[in-house]
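# Per-entry structural report
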Amino acid sequence: MPDAIVAEGLVKRYGALVALDGLDLRVPQGSVTALLGPNGAGKTTTVRVLSTLLIPDAGRATVAGIDVLRDPRALRSRIGASGQYAAVDEYLTGSENLEMVGRLYHMGVRRSKERARELLERFRLSDAADRPVRTYSGGMRRRLDLAGALVANPPVLFLDEPTTGLDPRARLDLWDVIEELVAGGTTLLLTTQYMDEADRLADAIAVIDHGRVIARGTADELKTLVGGDRIELTVDHADNIGVATQALKSLADGEIRVEPGLRRIIVPVSDGSQALVAAIGKLAELDVRLHDVGLRRPSLDDVFLSLTGHEAEELVNGGGAAAEFETAEGKSR
Ligand SMILES: Nc1ncnc2c1ncn2[C@@H]1O[C@H](COP(=O)(O)OP(=O)(O)O)[C@@H](O)[C@H]1O
Ligand SMILES: [Mg+2]
């Protein structure tokens, strides 16, 4: 498959701040890539460059075979974008909003109305079609925003944090919609701060931190970066650490780690659940009591932590992306 999105060495500075620091990215046609990273990592900046809204200081990019910098006009009709900053008019109805987008693409009145009806149906908004958007719930607005990005049937779609700020139910709903959408062959670049979202929706994940892609792979490939399954046992008495560690050696697939202060023994294993049962059996035979025992599988959060040295959540809390972005923009005006 040829790549529908190619970015090479993108650099974007805001004064002294380097928002993109030589970003490379490739998204094969018809696939979904998640750009996963904490608040401030450069996700929105990347999407804005790729969708012709922002000119980078260096680097090059092509989307759907079109050079982003050389031919932005030609590109605009081939992409759809939606995200954190929903571009819907509060006072227009759902269908009026979509019709307006159709007219912007020179689709003509009749075709625009038809397309609006189709999309409202597809996004389960038919019942609300004639209500002003200001009466919509957060989830409904996001679905409408997404529908707006699809009016011109673009082969490449950018979704910037599509579910940030939604309640869990609306989030699941939107995931379903996005899954249906990509089943139709659309190339999608999606940004997210959520590991589970990337895991669920994306074929490939590019981890972004400080304006650079620091790792790339499938969710499973990224998880193996931090090692496989491990058993974590906490013994009741520190005196038992030695004998327990000795007994668990035959089960270990790699080096056993001991955290004496916590009375914890961490055993890398290949077959997690079987090894867990065996470990409990062995320690019971030796009369070693356990305070706690569990099987740990690496999560994408573990991946993020081991790649960046900091947890994604550390940077996510407080403020929220939209607020920070708007403040930054307001100041620069
Ligand atoms: N218009 C702007 N003016 C100044 N700084 C900005 C502007 N837009 C973004 N930034 C900064 O660039 C960095 C990357 O921002 P952004 O791409 O919005 O990250 P993300 O979308 O991953 O949260 C952040 O440090 C942000 O504060
Ligand atoms: Mg953002």
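Treat the numbers as computed from the prediction; the structure is a model and nothing was measured.

This part takes up unusual backbone geometry. Despite not being glycine, His-106 shows a phi value in the positive range, around 60°. Within the secondary structure, His-106 sits in the loop between helix 3 (94-104) and helix 4 (109-122). Exposure remark for His-106: the relative accessible area of 74% places this residue in the exposed category. Of note, the phi angle at Glu-161 is positive, near 45°, even though the residue is not glycine. If you trace the backbone, Glu-161 turns up in the loop between strand 7 (156-160) and helix 6 (168-183).

With antiparallel pairing, 4 strands are arranged side by side in an open sheet as 2-1-4-5. Each edge of the open sheet carries a strand with a single partner, namely strand 2 (17-28) and strand 5 (66-67).

Inspection of every chain in the model, using the stated rule, returns 20 salt bridges. A salt bridge links Glu-232 to Arg-296; the nearest nitrogen and oxygen atoms lie 3.8 Å apart. A residue pair is termed long-range when its members are at least 10 positions apart, and Glu-232 in strand 11 (residues 230-235) and Arg-296 in strand 14 (residues 290-296) qualify at 64 residues. Here the residues in one salt-bridge network are Asp-3, Glu-8, Arg-26 and Arg-60, joined through shared partners.

When the domains of the protein are assigned, the result is domain 1 (3-78 + 154-223 + 305-332), domain 2 (94-146) and domain 3 (228-296). The partner domain 2 presents 9 residues to the 16 residues of domain 1 that form the contact. Where domain 1 touches domain 2, the interface holds 1 salt bridge. With its nearest N and O atoms 3.1 Å apart, the salt bridge here joins Arg-143 to Asp-173. There are 3 residue pairs in polar contact (both at pLDDT 80 or more) connecting domain 1 and domain 2. Element by element, the count of residues in the side of domain 1 that touches domain 2 is highest for helix 6, at 8 residues.

Conventions adopted
- Residues numbered from 1 in each chain as written.
- Chains lettered and ligands numbered in written order.
- Predicted model: local features only at pLDDT ≥ 70, side-chain atom pairs only at ≥ 80, totals over all residues.
- Heavy atoms only, no water.
- Helix = DSSP H or I, 4+ residues; strand = E, 2+ residues; numbered from the N terminus.
- Buried < 20%, exposed > 50% of the residue type's maximum accessible area, 1.4 Å probe, protein only.
- Pairing = 2+ DSSP bridges.
- Salt bridge = Lys/Arg side-chain N within 4 Å of Asp/Glu carboxyl O.
- Domains from an automatic or database assignment.
- Contact = heavy atoms within 4.5 Å.
- Polar contact = N/O pair within 3.5 Å; in protein donor to acceptor, adjacent residues only side chain to side chain.

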